[in-house]
Amino acid sequence: MVSSIVRNPVVSGQFYPNSANEIKKQLNSFIAAPGQIYEAIGCLMPHAGYIYSGKVATLTAASMHIKETVFLLGPNHTGYGSPFSIMAKGSWKTPMGDVEIDDAISNKLLENCNLLTDDASAHMFEHSLEVELPILQFFNKNFKIIPITMSSDDINELKKVGEAIAGCIKSSGAEQKSLIIASSDLTHYEDIDSARKKDNIAIDSILKLDENGLMKNIKEYGISMCGYMPAITMISAAKLLNAKKTKLISYTTSAENSGDESSVVGYAGIVIY
């Protein structure tokens, strides 16, 4: 029997603390007074170091029920692997414990979408999905993931993967048990006024559930949103799962922590329900 693949953390101790106690301490410092809890179908969460984007990501996770099946979609920063790479079996280790991959759903997706490739290499050094896991584990210890990285900017392909995810959820009767997370930061390394202007354009498209508009605006305004691809896939899937409403939970830039407004990165948390 071939042993399952275990993906070890690669940015623990850099993007976030390398001990469970320190993670919990940091995330507790981000939590605000309890607000509305959404039965989210999808969401956008940032994936930078916790000192920069952790508060936005934590507030977003705190505003949702973290469901038992999490489709975790992120951009491919490393260049390894295929354009749509799914790690179809095994588990991911974090300082908060292990998270299993839902291999049954992963295999179903592979069968139903020829764009997806079973390719663990795309995930081994990619941080965009890893940094979300300790935050999700802080709120729910019992969930499985379907991790997918993407590097294609073909909107038809992005929508097709979204259709496959929605179809898989529907055919499994898992609408109430599934959450689709798009991992993305917003504008990178522009002055704060420029970043806010561009970020507002991208956020507005997501709040309108307009994946076509998001792609158009990314190109037209040169918005350096690293995870617009997973965001488009997530929106496409969420709409097919009858999502009608959206809520901007939090927005900030790296300047809130660094104090440097000349070159910032933007971060938003948005729930779709």
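Just so you know, these numbers come straight off a predicted model, no measurement behind them.

Just checking my understanding: could you explain the pattern of salt bridges for this structure?
Should their charged atoms come close, side chains of opposite charge can pair. For the structure shown, the criterion picks out 9 salt bridges. Among the salt bridges present, the one from K93 reaches D98, with a minimum N-O distance of 3.4 Å.

What's the story with the layout of surface pockets in this structure? I'm lost.
Left-over empty space is what a probe sized like a water molecule reveals as it rolls over the atoms. Roughly 230 Å³ of volume is contained in the largest pocket. Along the walls of the largest pocket sit 18 residues, with A48, D185, Y189, V265 and Y267 positioned nearest its centre. At the level of elements, strand 10 (188-190) and strand 12 (264-272) are the ones that each hand at least two residues to the lining of the largest pocket. No other element matches strand 12, which puts 3 residues into the lining of the largest pocket. Classifying every residue of the lining of the largest pocket by side-chain character gives 8 nonpolar, 8 polar and 2 charged. Counted as a void, the second largest pocket has a volume near 190 Å³. Lining the second largest pocket, in full, are I31, A32, A33, P34, G35, Q36, I37, Y38, L59, A62, S63 and I249. The residue makeup of the lining of the second largest pocket, split by class, is 9 nonpolar, 3 polar and no charged.

Teacher, can you tell me more about a negative patch on the surface here?
On the surface, a cluster of negative charge is contributed by D191, D193, D260 and E261. For E261, the location among the structural elements is in the loop between helix 10 (255-258) and strand 12.

How do you make sense of the pairing of strand 3 (residues 69-75) when you look at a structure like this?
The side chains of a regular strand alternate, residue by residue, between the two faces of the sheet. Along strand 3, 7 of the 7 residues are buried, which leaves the element largely enclosed by surrounding structure. In strand 3, alternate side chains face the same way, and those of T69, F71, L73 and P75 on one face and V70, L72 and G74 on the other are all buried. One ladder, built from 7 bridges, connects strand 3 with strand 8 (residues 144-150); its direction is parallel. Looking at strand 8, one finds that P75 is bridged to M150. Inspection of the sheet shows strand 3 paired to strand 9 (residues 178-183) by 5 bridges, in the parallel sense.

Conventions adopted
- Residues numbered from 1 in each chain as written.
- Predicted model: local features only at pLDDT ≥ 70, side-chain atom pairs only at ≥ 80, totals over all residues.
- Heavy atoms only, no water.
- Salt bridge = Lys/Arg side-chain N within 4 Å of Asp/Glu carboxyl O.
- 1 Å grid on protein atoms, 1.4 Å probe; cavity = no way out; pocket = protein on both sides within 12 Å on 5 of 7 lines; lining within 4 Å.
- Points joined across faces, edges and corners; volume = space filled by probe spheres on them.
- Helix = DSSP H or I, 4+ residues; strand = E, 2+ residues; numbered from the N terminus.
- Nonpolar A, V, L, I, M, F, W, Y, C, P; charged D, E, K, R; others polar.
- Patch = residues over 30% accessible without salt bridge, like charges linked within 9 Å, V, L, I, M, F, W, Y side chains within 5 Å.
- Areas by Shrake-Rupley, 256 points an atom, 1.4 Å probe, with all protein chains shown as cover.
- Lys, Arg positive; Asp, Glu negative; His and termini not counted.
- Charge placed at Lys NZ, Arg CZ, Asp CG, Glu CD.
- Buried < 20%, exposed > 50% of the residue type's maximum accessible area, 1.4 Å probe, protein only.
- Pairing = 2+ DSSP bridges.

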